[in-house]
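Listed below, chain by chain, are the residues.
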Number of protein chains: 2
Amino acid sequence: MDTIDFKALSELMMNGRMTWAELGSCLGLSSPATAERVRRLEDQGVIKGFTALVDHEAVGCALTAFVAVSLERPEHRNRFLQKIMEMQEVQECHHVAGEDDYLLKVRCKGTRDLERVVSDTVKSIPGVARTRTTIVMSTPKETPSPPLFPEDIIDATRR
Amino acid sequence: MDTIDFKALSELMMNGRMTWAELGSCLGLSSPATAERVRRLEDQGVIKGFTALVDHEAVGCALTAFVAVSLERPEHRNRFLQKIMEMQEVQECHHVAGEDDYLLKVRCKGTRDLERVVSDTVKSIPGVARTRTTIVMSTPKETPSPPLFPEDIIDATRR
DNA sequence: ACTGAAAACTGCAGGCC
DNA sequence: GGCCTGCAGTTTTCAGT
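Residues numbered from 1 in each chain as written. Chains lettered and ligands numbered in written order. Predicted model: local features only at pLDDT ≥ 70, side-chain atom pairs only at ≥ 80, totals over all residues. Heavy atoms only, no water.

Looking up chain A in an unreviewed UniProt entry gives the name Lrp/AsnC family transcriptional regulator, with the organism given as Sulfobacillus benefaciens.

This is the structure we're talking about:
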């Protein structure tokens, strides 16, 4: 077990961009060895990729909501999931135990958009028996995530 | 309005690492101009940083759960939030409208860990009146997120 | 996994629109 | 103000050990 400088490592991860040499020095490795390990992690699927983490509010995605969905019968599942996959506003879809079947995390510009997503789109999917929407007022803690609508970033770039 | 190659752009964003030149060519820009724009986005706070996106299951974080929390009185809020901030397992904390006050997204290794987090830690915070935990069985859709426990990645590195 | 070279990329300067 | 071209400094990559 080598000597890993966790403090330096987390500092490095905080401000984002880093070189293999920097990362390696936290781990006590040279840059080629570090690059090799990261490449292996990608091959194994541990690392899915690399992205920018965006402040969704800053790009006009100010509203977050959780939508619990109940399905009438299991037969409707595939069609439902297929539709969900296509919806950009749905950031997450979890199959949950308990009263409801699915829990969606939805992100959009405002209440008008939410209405469209929930009432028009989700409820129109065959087999959706009922939905319960919970609006997020503020989020004190959240690990930032990749952009949902890359085109909005492009717009922000121009300002 | 310039000509943006969205198809190439999203392909590029999918497989992660890219050079300014590559990104720029999708936008119809040279590398210095591209780097400059991204730097500006960072200054504006639109881009919070850059990270690796990890498959949490692959690093042993196999259990996801949503925990709804009700607080007795507003006075308890600050202390509650402070404690939440310290908990690595809590990936998100949202202040929500409706029946409950907060909705936590929790990630941990297994049910044993969940018990510790919910029953021992969250419920022991002063002012927590009740919690309702919803277990996630599978998640058909989720944008990957940065690592919650960097040390687990280090371990995976060694395999 | 380390060292050292070639190749590639980034960042800065200067000029242009 | 924002963008493009060329050069110097780094960083990554690919040998060989």
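A. Looking closely at the pattern of salt bridges. Considering all chains together, one arrives at 33 salt bridges over all chains under this definition. Between B:Asp55 and A:Lys48 there is a salt bridge whose closest N-O contact spans 3.9 Å. Here A:Lys48 lies in strand 1 (residues 47–54) and B:Asp55 lies in the loop between strand 1 (47–54) and strand 2 (63–71), a pairing that spans two chains. When its relative accessible area of 24% is taken as the criterion, B:Asp55 is described as partly exposed. The exposure class of A:Lys48 is partly exposed, given its relative accessible area of 49%. Because the salt bridges share partners, they merge into one network encompassing A:Glu92, A:Lys105, A:Arg107, A:Glu142, B:Glu92, B:Lys105, B:Arg107 and B:Glu142. (Salt bridge = Lys/Arg side-chain N within 4 Å of Asp/Glu carboxyl O. Helix = DSSP H or I, 4+ residues; strand = E, 2+ residues; numbered from the N terminus. Buried < 20%, exposed > 50% of the residue type's maximum accessible area, 1.4 Å probe, protein only.)

B. Layout of the pairing of strand 4 (residues 102–108) of chain A. All names here are of chain A. With seven of its seven residues buried, strand 4 lies for the most part within the structure. Burial of strand 4 is two-sided: the residues Tyr 102, Leu 104, Val 106 and Cys 108 facing one way and the residues Leu 103, Lys 105 and Arg 107 facing the other way are all buried. Relative to strand 4, strand 2 (residues 63–71) runs antiparallel, the two being bridged by seven bridges. The partner of Ala 68 across the bridge, within strand 4, is Leu 103. Here five bridges tie strand 3 (residues 90–96) to strand 4, and the two strands are oriented antiparallel to one another. Pairing of Glu 92 across the sheet is with Lys 105, part of strand 4. (Pairing = 2+ DSSP bridges.)

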